[in-house]
Amino acid sequence: MSFLKESPIVRYAYGVAGALLLGGTAFSIATGPVGAQVAQNSPSAMAPRPGAPMSFADLAARLQPAVVNISTKQRITVKQQADPFEEFFRRFGGQGGVAPGEGAQPQPRTRETGSLGSGFIVSPDGYIVTNNHLIQGESGTGTVDSVTVIMTDRKEYPARIIGRDQASDLALLKIDGANLPYVNWGDSTRARVGDWVVAIGNPYGLGGSVTAGIISALHRGITGLGAYDRYIQTDAAINMGNSGGPMFDLNGNVIGINSALISPTGASVGIGLAIPAELAQPVIETLRKGQRPSRGYLGVGLQPLDENIAASLGLPKDMGEIVRSVQPNEPAARAGIQQGDVIVRVAGQQVNPDQTVSYLIANTQVGTRVPVDIIRDGRRQTITVVVGQRPTEEALAKTIGGGANDGTSDSGTPAGPATKALGLSLQALSSQLAQALSLPPGTHGVVITAVDPSSDASDKGLRRGDVIISINRALVTTPAQVSAAVATARAANRTSVLLLVKRGTAPEAFIGVDIAPR
């Protein structure tokens, strides 16, 4: 995946995004004044033709006027390097490079940066849909200083940001205009793999570029996590700068918002991704009303049930998600969901890579009582959860914390005997080690002091300084307990064990490690 920043002056912002369906009826934001004007893709203007089209020319000519270029500008502070002559001039009576009258402190240096992307008009009075990352500030917070919308006839409009949603990477802009060309939303739920699609946008600043292809996949996930990891995949060329532009079906309706590409080079290799209209449209409706999208929330950290984790639990892979953390005083904790539980169904719907827990809960109305089927210690049970309101992304970041300090410092690690298991040298976690590894207070477990590079543990990414908190959901505080847990798993003919691992200040994570001889 390519998150696009191509030059120090202009960045072709492009990122991964997703929205969620908030429920309710289908909505068309094209609610402008009634009159002779009709949408560029109204049924009277678009006559679908069966089979493969001989040409996309008529379709493109009709739709291009409603697709716009988005240009942003922002001044950012540039980090200045120390001046080697600063101390010299100060010592001998100079100002250290500061102009006379400006005082001893130099003014911070700034430079102008910007982004180029795409968008499309959804009402004749000038509402425009695009991606949030195009108008988000360079630092990841706030917004850019100015947004300019450029039409196909090169006419420019200053744009106002009506609303934006970081979680879904969607934004709604407004320009002052009347009788503007616009397009309608389509029904992406009716899209099928193999359908023709057309993308129009601003790749590399080349406005009005048209590409065509087919839908390669639906509900494509690229991270395996999160409520918004469901995309329409296409082989139509999607490049840097297409971000925020529309994906049309052959009826000329918008069924997706081009948002990402997967590429080893940063250029299109035939794997473009678009947010489905079924997910984006309710978010845009909410933003237009001046509201924040409402999303269901459990308050848990989750991991996919991949092959190694599933094997360690004796469960089929990809048929559930394991709870790696539970936030206190949130809906899951109040309902009794615990770390290590495997969630297999939500409201009767199977949890799998196409229907993650996050997606199912996010699309559930806040306050709803939902049955959640879990597997705990090999036994299946149902827990009823009252779905909460998802906090803002900023609030979540503060609550969950980050992995800025990964705890790989070697300072303060005392020498001492270590027990080997799973290709790991292990040592009891002392208070001195915990402090040296930047672990939160109260962390208990066994610290890894060395990793056999030929072991499966090494292949899974375990490294020196990681702390094993539990094995197969049993807490461990000594290397002997680790060895005993591995021996018990072997006696039960298990091929792997499930480790709960802590690294620095990052959240805990489950890792399945093979125990069969290599």
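Residues numbered from 1 in each chain as written. Predicted model: local features only at pLDDT ≥ 70, side-chain atom pairs only at ≥ 80, totals over all residues. Heavy atoms only, no water.

Draft legend 1. Molecular detail of the overall build of the chain. When helices and strands are counted, the chain shows 11 helices and 29 strands. A buried classification covers 46% of the 518 residues belonging to the chain. Summarising the internal contacts of the chain: among those between residues at least 6 apart in sequence, 66% fall at separations of at least 24. (Helix = DSSP H or I, 4+ residues; strand = E, 2+ residues; numbered from the N terminus. Buried < 20%, exposed > 50% of the residue type's maximum accessible area, 1.4 Å probe, protein only. Contact = heavy atoms within 4.5 Å.)

Draft legend 2. Layout of the pairing of strand β13 (residues 254–261). For β13, the buried fraction is high: 8 of the 8 residues fall into the buried class. In this sheet, β13 lies alongside strand β12 (residues 246–248) in antiparallel orientation, the contact comprising 3 bridges. Considered in β13, the bridge of P246 is made with I257. In this sheet, strand β14 (residues 272–276) lies alongside β13 in antiparallel orientation, the contact comprising 5 bridges. (Pairing = 2+ DSSP bridges.)

Draft legend 3. Summary view of the environment of V198. Counting through the fold element by element, V198 comes out in strand β9 (residues 196–201). Taking the C-alpha atoms as reference points, V198 and A60, 138 residues apart in sequence, are found 8.3 Å from one another. In this view, V198 contacts F56, L59, V210, T211, A212, P246, M247 and F248; residues no more than four positions away in its chain are not counted.

Draft legend 4. Geometry of helix α4 (residues 277–288). In this model α4 runs 16 Å from its N-terminal to its C-terminal C-alpha over 12 residues, within 8% of the 16 Å that 1.5 Å per residue would give. Taken residue by residue, α4 has A277, E278, L279, A280, Q281, P282, V283, I284, E285, T286 and L287 as its buried positions. The secondary structure elements touched by the buried residues of α4 are β4 (127–131), β7 (160–165), β8 (170–174), β13, β14 and α7 (357–362). Just downstream of α4 lies G290, where phi reads positive at about 80°. (Expected span 1.5 Å × (residues − 1).)

Draft legend 5. Representation of the side chain of N69 within the structure. Mapping N69 onto the fold places it in strand β2 (residues 67–78). If sequence neighbours within four positions are ignored, N69 has contacts with G117, T148, V149, I150, N202, G207 and G208.

Draft legend 6. Molecular detail of the sheet that holds β14. Pairing is antiparallel around the closed barrel formed by 6 strands, whose spatial order is β9-β10-β11-β14-β13-β12. Taking the axes of each pair of neighbouring strands and ignoring which way they run, one obtains an average angle of 45° across the sheet. Strand direction decides the pairing type here: β9 and β12, joined by 2 bridges, are antiparallel. Among the inter-strand pairings, A199 is bridged to a residue of β12, identified as M247. Relative to β14, α4 is tilted by about 50°, and along the sheet it contacts β13 and β14. (Axes fitted to C-alpha atoms, helices over the stretch in contact; angles between N-to-C directions.)

Draft legend 7. Summary view of the nonpolar core. Counting 45 residues, the largest nonpolar core has W185 and I343 as the members making the most contacts within it. Considering each element in turn, this core owes the most residues, 6 residues, to α4. (Core = buried A, V, L, I, M, F, W, Y, C linked by side-chain atoms within 4.5 Å.)

Draft legend 8. Representation of the environment of G142 in the model. Along the chain, G142 turns up in the loop between α3 (132–135) and β5 (146–150). Excluding residues within four positions of it along the chain, G142 makes contact with I135, Q136, G137 and R164.

Draft legend 9. Seen up close, the packing of aromatic side chains. Summed over the entire model, instances satisfying the criterion amount to 2 aromatic pairs. The interplanar angle of 80° and the centroid separation of 5.7 Å between the aromatic rings of F120 and W185 together place this pair among those described as edge-to-face. Taken together, the residues span a long stretch of sequence, with F120 in strand β3 (residues 109–121) and W185 in the loop between β8 and β9 at a distance of 65 residues. For F120, a relative accessible area of 0% corresponds to the buried category. Here K174 stacks its cationic end above the ring of Y127, 5.5 Å away from the centre of that ring. Across from the ring centre of Y359, 3.9 Å away, lies the NZ or CZ of R230, which sits over that ring. (Phe/Tyr/Trp six-rings, centres within 6.5 Å; stacked < 30°, edge-to-face > 60°. Lys NZ or Arg CZ within 6 Å of the ring centre and 35° of its normal.)

Draft legend 10. Spatial organisation of the pattern of salt bridges. Under the counting rule described, the total for this entry stands at 9 salt bridges. Linking R295 and D165 is a salt bridge whose minimum nitrogen-to-oxygen distance equals 2.3 Å. Of this pair, R295 sits in the loop between α4 and β15 (296–297) while D165 sits in strand β7, and the two are 130 residues apart along the sequence. Each member of the pair, R295 as well as D165, is classed as buried. The salt bridge partner of R503 is D466, with a shortest N-O separation of 2.7 Å. (Salt bridge = Lys/Arg side-chain N within 4 Å of Asp/Glu carboxyl O.)

Draft legend 11. Layout of the pairing of strand β20 (residues 369–376). Within β20, 6 of the 8 residues are buried, which leaves it mostly tucked inside the rest of the structure. Where strand β18 (residues 342–346) lies against β20, 4 bridges are found, and the strand directions are antiparallel. Bridging across to β20, V346 finds its partner in V372. Joining the antiparallel neighbours β20 and strand β21 (residues 379–386) is a turn of 2 residues, in which D377 adopts a positive phi near 55°.

Draft legend 12. Looking closely at the confidence of the model for the chain. When pLDDT is averaged across the chain, the result is 80; 77% of the residues are at 70 or more. Per-residue pLDDT stays below 50 along residues 1–34; that stretch engages in 129 contacts with residues further than four places along the chain or on separate chains. Below a pLDDT of 50 lies the segment residues 402–418, which in the model reaches 33 contacts outside its immediate sequence neighbourhood of four places, other chains included. (pLDDT = per-residue confidence, 0-100.)

Draft legend 13. Structural view of helix α11 (residues 479–491). Given a rise of 1.5 Å per residue, 13 residues ought to cover 18 Å, and the 19 Å separating the end C-alpha atoms of α11 matches this to within 8%. At the C-terminal side of α11, N493 shows a positive phi close to 65°.

Draft legend 14. Molecular detail of unusual backbone geometry. Phi at D318 takes a positive value of approximately 60°, unusual for a residue other than glycine. Taking relative accessible area as the criterion, D318 reaches 31% and is therefore assigned partly exposed. Phi is positive for D377, close to 55°, though the residue is something other than glycine. Structurally, D377 is set in the loop between β20 and β21.

Draft legend 15. Examining a negative patch on the surface more closely. Among the surface-exposed residues, D306, E307, D318 and D514 lie close enough to one another that they form a single negatively charged patch. Tracing the backbone shows D306 in the loop between β16 (300–304) and α5 (307–313). (Patch = residues over 30% accessible without salt bridge, like charges linked within 9 Å, V, L, I, M, F, W, Y side chains within 5 Å. Areas by Shrake-Rupley, 256 points an atom, 1.4 Å probe, with all protein chains shown as cover. Lys, Arg positive; Asp, Glu negative; His and termini not counted. Charge placed at Lys NZ, Arg CZ, Asp CG, Glu CD.)

Draft legend 16. Up close: the side chain of N202. Mapped onto the elements, N202 comes out in the loop between β9 and β10 (209–220). Among the residues examined, N202 registers a relative accessible area of 1% and is labelled buried. A distance of 3.1 Å separates the side chain of N202 from the backbone oxygen of G117, its partner in a polar contact. With sequence-adjacent residues up to four places away left out, N202 is seen in contact with N69, L116, G117, S118, G207, M240, G241 and N242. (Polar contact = N/O pair within 3.5 Å; in protein donor to acceptor, adjacent residues only side chain to side chain.)

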